[in-house]
Structures are given as C-alpha cells and as structure tokens.
Amino acid sequence: MKRIMVIDGGPRKNMNTAAMCEKFAEGARDAGAEVKVVRLYDMDFKGCMSCMACKLKNKATNICKFKDAISPVLEEIATADGLALASPIYFGGITAEMHAFLERLAFPWLSYNDYSLTAPKKMPVVLMETMNGTPEQNNSQGFGTKEMCIAAALGQPEKLVAYNTCQVKNYDNYELGMFSKEAKLQWRDEHWENGLQSAYEAGKRMASAD
Ligand SMILES: Cc1cc2nc3c(=O)[nH]c(=O)nc-3n(C[C@H](O)[C@H](O)[C@H](O)COP(=O)(O)O)c2cc1C
C-alpha cells in the first residue's frame with residue numbers, strides 16, 4: 001500500500017487550504033493509499049537551527065537531526081511514496097510555518113561540497129497554494145526557491161493554485177472594502193468546486209501512479 005504525506009501549512013482548520021488538503025487526501029485514499037495529514041500549526045517545532053549536524057564529516061545525513069515535534073514527520077517523509085505540500089499565500093509567499101518546515105526538510109538535502117540536492121528518496125510531489133489574488137492580479141512567488149530545491153531533490157512537482165478564495169465566510173462582518181462580496185461569491189461558484197476536484201484527482205493520480 002502506498003503511503004502519502006500531506007502537509008498543511010495553513011493555520012485555519014476549516015477554510016480553503018485545509019479543504020484542498022482534505023480533498024487531496026480523499027482522492028489518494030479512494031485510490032487505496034494510506035494518507036497522513038499533518039497540520040503544521042498544531043505542532044511545536046522550529047525552522048533550521050543551523051546546528052550543522054547534517055553536514056558533520058563522515059556523518060552527513062539528508063534527514064534533519066535536530067529533535068523536536070517535527071522530527072518523526074521528517075522521518076516519515078523520507079520513506080513515503082508521495083508528498084503534498086499546501087499553503088495559503090501570505091505577503092506573496094508561503095506561510096512562516098511552511099517556510100520553517102521546508103528549512104528542516106530541505107537543508108539536509110543540500111551538499112556544501114558540490115551544491116547538489118539529494119533527498120533520501122525521489123517521490124511525486126504536489127504543491128497547493130490558495131490565495132486572494134486572481135490569475136491576473138497575482139503577487140505570489142508561491143514556494144519560490146524552495147520549489148527549485150524540491151524539483152531537484154524529489155522530482156518536478158505538480159502545482160495546484162486556488163485563486164480568489166473567500167477569505168471569510170461572511171464579507172458583511174469585516175472591513176474588507178477592497179473586495180466585492182458578489183464578485184467573490186461568483187468566483188467561488190464558478191471555480192471552487194473545480195479546484196477541489198483537481199485536488200481530489202491529483203490525490204488519486206499520486207496514489208495510483210506506477
Ligand atoms: C497574513 C496574510 C497575508 C496574506 N497575503 C496575501 C498575498 O500576499 N496575496 C494573496 O493573494 N493573498 C494573501 N492573503 C490571503 C490568503 O492567501 C487567502 O485568503 C488564502 O486562501 C487563505 O487560506 P485559508 O483559507 O486556508 O486560511 C493573505 C492572508 C493573510 C492572513
């Protein structure tokens with residue numbers, strides 16, 4: 001049975017990013033995979049501590065050796081059959097938690113002998129982003145340079161982006177004058193279910209890939 005890890009880098013349990021993660025997980029489970037969804041905001045961990053333990057002479061390792069709550073997750077990813085990473089876009093990039101997580105995941109991949117990037121195992125990767133921006137008004141660098149590291153170490157990721165998400169359930173209750181409630185709801189009607197379906201299909205594809 002395939003084992004797939006889904007890392008949710010958003011703080012909200014019942015909103016856009018979490019919904020994309022759940023749909024992806026549902027698709028993968030429906031195709032027979034064992035799926036674990038990890039919510040980074042529920043975990044007490046730090047970004048890279050620069051301890052350099054992963055670069056010790058004759059003891060270099062491509063799994064982070066610093067021990068905290070994220071350590072078992074990093075170990076599980078090392079032997080997984082697939083990985084999905086999801087984040088809302090904050091100030092044009094991934095969240096601080098996702099950033100901290102990727103420091104821990106990817107710094108041990110990087111060799112300071114030759115700048116190569118080597119993960120314990122290659123695997124299919126899906127990157128999911130949710131954001132306020134539309135495809136035309138998009139300030140996002142997404143996963144940025146981390147995407148390049150992921151591509152080199154794990155394999156070229158598939159990307160799913162949910163644009164123009166509803167940031168709140170009820171626009172009448174907030175000072176969000178830049179956004180038209182009607183336009184947001186119309187976009188949601190026209191795109192949101194398709195976005196979820198794409199996440200579901202991506203999960204299914206990952207679980208059923210050879
Ligand atoms: C601190 C913060 C910064 C944000 N910055 C951006 C941004 O730069 N670009 C953008 O398109 N959306 C931005 N957003 C909107 C979120 O990316 C968007 O609402 C996302 O879908 C929220 O995900 P969630 O519903 O899973 O929490 C920001 C939201 C917050 C809270």
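An account of the accompanying structure is given in this report. (Residues numbered from 1 in each chain as written. Predicted model: local features only at pLDDT ≥ 70, side-chain atom pairs only at ≥ 80, totals over all residues. Heavy atoms only, no water.)

1. Thoughts on the environment of Pro108
Its location among the elements puts Pro108 in the loop between helix 3 (96-106) and strand 4 (125-130). On the basis of relative accessibility, which here comes to 7%, the residue Pro108 falls in the buried class. Remark: the alpha-carbon pair of Pro108 and Thr118, spanning 10 residues in sequence, is separated by 8.4 Å. Setting aside anything within four residues of it in sequence, one finds Pro108 in contact with Cys54, Lys55, Thr61, Asn62, Ile63, Cys64 and Glu103. (Helix = DSSP H or I, 4+ residues; strand = E, 2+ residues; numbered from the N terminus. Buried < 20%, exposed > 50% of the residue type's maximum accessible area, 1.4 Å probe, protein only. Contact = heavy atoms within 4.5 Å.)

2. A few points about the site of the ligand
Around the ligand, the surrounding shell holds 16 residues, and the nearest of these are Asn16, Thr17, Ile89, Thr130 and Thr165. One of the side-chain nitrogen or oxygen atoms of Asn16 is found 2.8 Å away from an oxygen atom of the ligand. Protein burial of the ligand: of its 640 Å² of free accessible surface, 82% is covered by the chains. Judged by the proximity of its atoms to the pocket grid, the ligand belongs to the largest pocket. For the shell around the ligand, the class distribution of residues is six nonpolar, nine polar and one charged. (Near = heavy atom within 4 Å. Polar contact = N/O pair within 3.5 Å; in protein donor to acceptor, adjacent residues only side chain to side chain. Areas by Shrake-Rupley, 256 points an atom, 1.4 Å probe, with all protein chains shown as cover. 1 Å grid on protein atoms, 1.4 Å probe; cavity = no way out; pocket = protein on both sides within 12 Å on 5 of 7 lines; lining within 4 Å. Sits in = over half its atoms within 2 Å of the grid points. Nonpolar A, V, L, I, M, F, W, Y, C, P; charged D, E, K, R; others polar.)

3. A look at the pattern of salt bridges
Enumeration according to the criterion identifies 11 salt bridges in this entry. Measuring nitrogen to oxygen at the nearest pair gives 3.3 Å for the salt bridge that ties Asp42 to Arg39. Note on Asp42: relative accessible area 48%, which makes it partly exposed. For Lys121, the salt bridge goes to Asp81, with nearest N and O atoms at 3.1 Å. Here Lys121 is found in the loop between helix 3 and strand 4, whereas its partner Asp81 is found in the loop between helix 2 (71-78) and strand 3 (82-88), with 40 residues between them in sequence. Owing to a relative accessible area of 29%, Lys121 belongs among the partly exposed residues under this scheme. Among the charged side chains, a network of salt bridges with common partners joins Asp8, Lys13, Arg39 and Asp42. (Salt bridge = Lys/Arg side-chain N within 4 Å of Asp/Glu carboxyl O.)

4. Side note on the side chain of Thr17
Along the chain, the position of Thr17 falls in helix 1 (residues 16-30). Classification of Thr17 by relative accessible area gives buried; the value is 7%. Within the structure, the side chain of Thr17 is placed 3.0 Å from the side chain of Thr130, a separation counted as a polar contact. Not counting chain neighbours up to four residues away, the residues in contact with Thr17 comprise Asp8, Ala86, Ser87, Pro88 and Thr130.

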